[in-house]
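Here are the chains, one letter per residue:
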Amino acid sequence: MHELSIAMSIVEMAQEEAGLRGNVQIQAVHLRLGLLAGVVKDALLSSYEMACETTPLEGSRLIIEEIPVEIYCSNCKAQRPVHSIQYFCCAECGTPSAEVTRGKELEVFALEIRE
Amino acid sequence: MSPEPRMVEVRKNVLKQNDVIARALRERFREEGILAVSLVSSPGSGKTTFLERTLTLLRPNHRVAALVGDLATENDAQRLARSGAPVKQITTGTLCHLEASMIQKALDGWDTGKLDFLFVENVGNLVCPSSYDLGEDLRLVLLSVTEGEDKPLKYPTIFNSADVAVITKMDLTAAVDFNEQALDRNIQAVRPGMQILKLSAKTGEGMQEFLDYLHKSQRLRPQAASAATSRN
Ligand SMILES: [Zn+2]
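About the thresholds
- All chains use their own residue numbering, which begins from 1 and follows the written sequence.
- Note on labels: chains are lettered from A, ligands numbered from 1, in written order.
- Local features in a predicted model are, by the rule used here, given only for residues with pLDDT of at least 70; side-chain atom pairs are given and counted only at 80 or more, and totals for whole chains, interfaces and linings are based on all residues.
- Side-chain descriptors were evaluated using all non-hydrogen atoms of the structure, hydrogens and water having been removed beforehand.
- Only DSSP runs of H or I reaching four residues or more are called helices, and only runs of E reaching two or more are called strands; each is numbered from the N terminus.
- Radius of gyration: C-alpha atoms only; globule rule: 2.2 Å multiplied by the number of residues to the exponent 0.38.
- With a 1.4 Å probe rolled over the protein chains alone, any residue whose accessible area is under 20% of its type maximum counts as buried; one over 50% counts as exposed, and the rest are partly exposed.
- Throughout, a contact is declared for two residues whenever any of their heavy atoms are within 4.5 Å.
- Note on areas: Shrake-Rupley, 1.4 Å probe, and residue coverage restricted to the protein chains presented here.
- We score Asp and Glu as negative and Lys and Arg as positive, and we do not count His or the chain ends.
- For this purpose, a charge sits on NZ of Lys, CZ of Arg, CG of Asp or CD of Glu.
- As used here, buried area is the combined drop in accessible area, with a 1.4 Å probe, of two parts when they are placed together.
- Salt bridges are defined as contacts in which a side-chain nitrogen from Lys or Arg sits within 4 Å of a carboxyl oxygen from Asp or Glu.
- In protein, a polar contact requires one atom able to donate a hydrogen and another able to accept it; more generally it is a pair of N or O atoms within 3.5 Å, and residues adjacent in sequence count only if both atoms are side-chain atoms.
- Each residue is assigned to one of three groups, with Ala, Val, Leu, Ile, Met, Phe, Trp, Tyr, Cys and Pro labelled nonpolar, Asp, Glu, Lys and Arg labelled charged, and all others, Gly among them, labelled polar.
- Only strands joined by at least two bridges in the DSSP assignment are considered to pair.
- Distances decide who is a donor: an N, O or S atom must be within 2.8 Å of the metal, or within 3.2 Å for Na, K and Ca. Water is not included, so sites may look incomplete.
- Angle rules define the geometry names used: all angles between 85 and 135 degrees makes four donors tetrahedral, while opposite donors over 155 degrees apart and all other angles between 65 and 115 make four donors square planar and six octahedral, leaving every other case irregular.
- An expected span of 1.5 Å times one less than the residue number is assigned to each helix.
- The directions considered for the arc run from the helix axis to the C-beta atoms.
- Only the stretch in contact is used when a helix axis is fitted, and all axes are lines through C-alpha atoms; the angle between N-to-C directions ranges over 0 to 180 degrees.

Novice: Quick question: what am I supposed to make of the overall build of chain B here?
Specialist: When helices and strands are tallied, chain B shows 9 helices and 8 strands. Taking 2.2 N^0.38 as the reference for a compact globule, 232 residues should give roughly 17 Å; the C-alpha atoms of chain B span a radius of gyration of 19 Å, in line with that estimate. Dimensions of chain B, computed from the C-alpha atoms along their principal axes, are close to 75 × 45 × 40 Å. The buried share among the 232 residues of chain B stands at 54%. Residue pairs in contact within chain B that sit at least 24 positions apart in sequence constitute 75% of those at least 6 positions apart. Per element, the accessible surface of chain B, about 10,200 Å² overall, is 48% carbon and sulfur. If you average the places of the 29 positive and of the 29 negative side-chain charges in chain B, the two averages end up 3 Å apart.

Here is the structure:
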């Protein structure tokens, strides 16, 4: 399981950002998590709580927005949702594609702070 | 009274540090003319036997070395050293994957001389390694015929992140009632167009095709300072 080390990176990153803004108090961290990022949402949520212990982020929330997988479809000539994570073809026309354009995100998107 | 909470935008990649190091490694490999190949698989896929055979076959004509990620309880490095190639172990402790910084640290101060191929054996795990770019040119995902044809559907993320699927232990196909078409179909479903190589490190079947593939990749690799694309 690597969710704990990822949770620790998130906490570290959030603390840095708080520091840059004059040590504001962080109430929540908003994360964008692609379904192809290789990170399990539930494992990350429980790891986050652990990673926050004894840091200024203790008691803060992790809010995860899951990002669906999209591919570039050469037939539609457009970015399209994938049929499923087990079947990489265009959800609209069925053309297979390995060109992933969305869904690998693992990004601290925003912080909810109190000054 | 404290004011209402407010939102501030950050937009930072959590693995940024890893990706920056991976990009630097990739550039370094290109400048030094090294083809870096990483291997991911489940435990028991025959990865170490396959790599030992590969090193042994390449060594007479090429400069090769291997980095091996081992959990505290394992020692694949010792087995690989039998090939005669320089081998260095990276003990990951309880960590289930390699990160770019570990590769960088292992390479610093390791005098291998000039290299043609560097192999990086990841920890036996089909989940965690998928998130971490190691700066490799090629990522091989290994699967033995004994593991079942539906494995790609169970671990689509790692298969999707890999460049080549290597099917090992082909000498056991009859014994385990291996359905080759189903496996090919499942691999193509999670990674359309993926190159699939089938071999047996034990009998040597398919090894030459694999070496040919490595040589072809080495010839076709992008040159240094070109637009290096990251995995992510
Ligand atoms: Zn389409």
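The structure having been displayed, the exposition proceeds.
Novice: Teacher, can you tell me more about the overall build of chain A here?
Specialist: In terms of regular secondary structure, chain A is built from 2 helices and 7 strands. Beginning at the N terminus, the succession of helices and strands in chain A can be written as α-β-α-β-β-β-β-β-β. Dimensions of chain A, computed from the C-alpha atoms along their principal axes, are close to 50 × 30 × 15 Å. Put simply, of all contacts in chain A between residues at least 6 apart along the chain, 67% involve residues at least 24 apart. A gap of 9 Å separates the mean positions of the 9 positive and 17 negative side-chain charges of chain A.

Novice: Could you clarify how one ought to interpret the interface of chain A and chain B in this entry?
Specialist: For interface size, the figure often reported is the accessible area lost on association. Chain A puts 37 residues into the contact, and the matching count from chain B is 31 residues. Of the roughly 3,000 Å² buried between chain A and chain B, counting both surfaces, carbon and sulfur atoms make up 58%. When residues of chain A are sorted by the area they lose upon contact with chain B, His2, Gln86 and Arg114 of chain A head the list and together hold 17% of the total. Taken together, chain A and chain B are joined by 2 salt bridges. In this structure, Arg6 of chain B and Glu115 of chain A form a salt bridge, with 2.8 Å as the shortest nitrogen-oxygen distance. The interface formed by chain A and chain B holds 13 residue pairs in polar contact (both at pLDDT 80 or more) in total. Going through the elements one at a time, helix 1 (3–20), strand 1 (25–34), strand 5 (87–90) and strand 7 (106–114) of chain A are the ones with two or more residues in the side of chain A that touches chain B. Residue classes in the side of chain A that touches chain B are distributed as 21 nonpolar, 8 polar and 8 charged. With 6 bridges joining them, strand 7 of chain A and strand 1 (residues 6–13) of chain B adopt antiparallel strand pairing. From the neighbouring strand, Glu112 of chain A faces strand 1 of chain B, where its bridge partner is Met7 of chain B.

Novice: Sorry, what's going on with the coordination of the zinc ion here?
Specialist: Four donors placed tetrahedrally around a metal ideally meet at 109.5 degrees, and six donors placed octahedrally ideally meet at 90 or 180 degrees. Residue and element names in this part refer to chain A. Cys73 (SG), Cys76 (SG), Cys90 (SG) and Cys93 (SG) make up the full set of protein donors to the zinc ion, lying at 2.2 to 2.3 Å. Geometry at the zinc ion is tetrahedral, judged from the 4 donor atoms that bind it and their angles of 102 to 114° at the metal. Read from N- to C-terminus, the donor residues coordinating the zinc ion fall into the pattern C-x2-C-x13-C-x2-C. With Cys73 in strand 3 (residues 70–73) and Cys90 in strand 5, this pair connects stretches of sequence that are 17 residues apart. Among the residues examined, Cys73 registers a relative accessible area of 0% and is labelled buried.

Novice: Would you mind showing me how to read helix 2 (residues 41–52) of chain A here?
Specialist: Helical geometry note: an α-helix holds 3.6 residues per turn, so side chains three or four residues apart project in the same direction. Residue and element names in this part refer to chain A. Its 12 residues place the ends of helix 2 16 Å apart at the C-alpha level, agreeing with the 16 Å of an ideal helix rising 1.5 Å per residue. Of all the positions in helix 2, only Ala43, Leu44, Ser47, Tyr48, Ala51 and Cys52 are classed as buried. For helix 2, the angular spread of the buried residues around the axis is 155°, confining them to a single face. More than 90 degrees from the buried face of helix 2, the exposed residues found are Asp42 and Glu49. Those residues of helix 2 hidden inside the fold are in contact with helix 1, strand 1 and strand 2 (61–67). Once helix 2 ends, the next one or two residues include Thr54, with phi positive near 60°.

Novice: Got a minute to help me understand the side chain of Ser45 of chain B in this structure?
Specialist: Residues and elements named next belong to chain B. Examined against the element boundaries, Ser45 turns out to sit in the loop between strand 2 (35–41) and helix 2 (47–58). Residue Ser45 is classed as buried on the basis of its relative accessible area of 0%. Of the polar contacts made by the side chain of Ser45, one reaches the backbone oxygen of Ser42; its length is 3.4 Å. There is a polar contact of 3.4 Å between the side chain of Ser45 and the backbone nitrogen of Lys47.

Novice: Explain the pattern of salt bridges to me, please; I cannot follow it from the model alone.
Specialist: A side chain with one charge can pair with a side chain of the opposite charge if their charged atoms come near. Enumeration over the complete set of coordinates arrives at 22 salt bridges over all chains. Look at the salt bridges and you will find they share partners, linking Glu17 and Arg21 of chain A together with Lys12 of chain B into a network.

Novice: Any chance you could explain the sheet that holds strand 8 (residues 195–198) of chain B here in plain terms?
Specialist: Pairing between the strands of a sheet is mediated by backbone hydrogen bonds and can be parallel or antiparallel. Residue and element names in this part refer to chain B. Read across the sheet, 7 strands follow the order 4-3-5-2-6-7-8 without closing on themselves; strand pairing throughout is parallel. Every other strand in the sheet has two partners, leaving strand 4 (87–93) and strand 8 as the edge strands with one partner each. Averaged over all pairs of adjacent strands, the angle between their axes in this sheet comes to 20°, without regard to strand direction. Bridging between strand 6 (residues 138–144) and strand 7 (residues 164–168) involves 5 bridges; their strand directions are parallel. Bridge assignment links Val141 to a residue of strand 7, and that residue is Ala165. Of the strands in this sheet, strand 3 (64–71), strand 4 and strand 5 (117–121) touch helix 4 (residues 100–107), which is tilted by about 140° from strand 4.

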